[in-house]
Amino acid sequence: PIGLTIMKDPVITPNGISFERVNIVNWLEKNKYCPITKKPLSVKDLIPNRSLKSAIDNYVRENIKS
């Protein structure tokens, strides 16, 4: 499922697709494949997407008032 919120903990799959960690982990608890590619995927395949996290943090800092 798409969270419809700004990502807080983005991860990337070996196929190069980024997801919010909590959403893809919830998906993988019920399914053992990527929801986009349908290829096998497990939680241990997920890698923190530091570049996206940095871009999101910069965007939030510059555009969203607390």
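1. Regarding the packing of aromatic side chains
Evaluation of the coordinates by the stated rule reveals one aromatic pair. When the ring of Trp27 is compared with that of Tyr33, the centres are 5.7 Å apart and the planes differ by 90°; the resulting orientation is edge-to-face. On the accessibility criterion, Trp27 (22% relative accessible area) is partly exposed. What makes Tyr33 partly exposed here is its relative accessible area of 29%.

2. Looking at the environment of Pro48
By the secondary structure assignment, Pro48 is in strand E3 (residues 47-48). On the basis of relative accessible area, Pro48 is assigned to the partly exposed category, the value being 38%. The spatial distance from the C-alpha of Pro48 to the C-alpha of Lys38 is 21 Å, given a sequence separation of ten residues. With residues up to four places along the chain from it excluded, the contact list for Pro48 reads Pro10, Val11 and Arg21.

Conventions used here
Residues numbered from 1 in each chain as written. Predicted model: local features only at pLDDT ≥ 70, side-chain atom pairs only at ≥ 80, totals over all residues. Heavy atoms only, no water. Phe/Tyr/Trp six-rings, centres within 6.5 Å; stacked < 30°, edge-to-face > 60°. Buried < 20%, exposed > 50% of the residue type's maximum accessible area, 1.4 Å probe, protein only. Helix = DSSP H or I, 4+ residues; strand = E, 2+ residues; numbered from the N terminus. Contact = heavy atoms within 4.5 Å.

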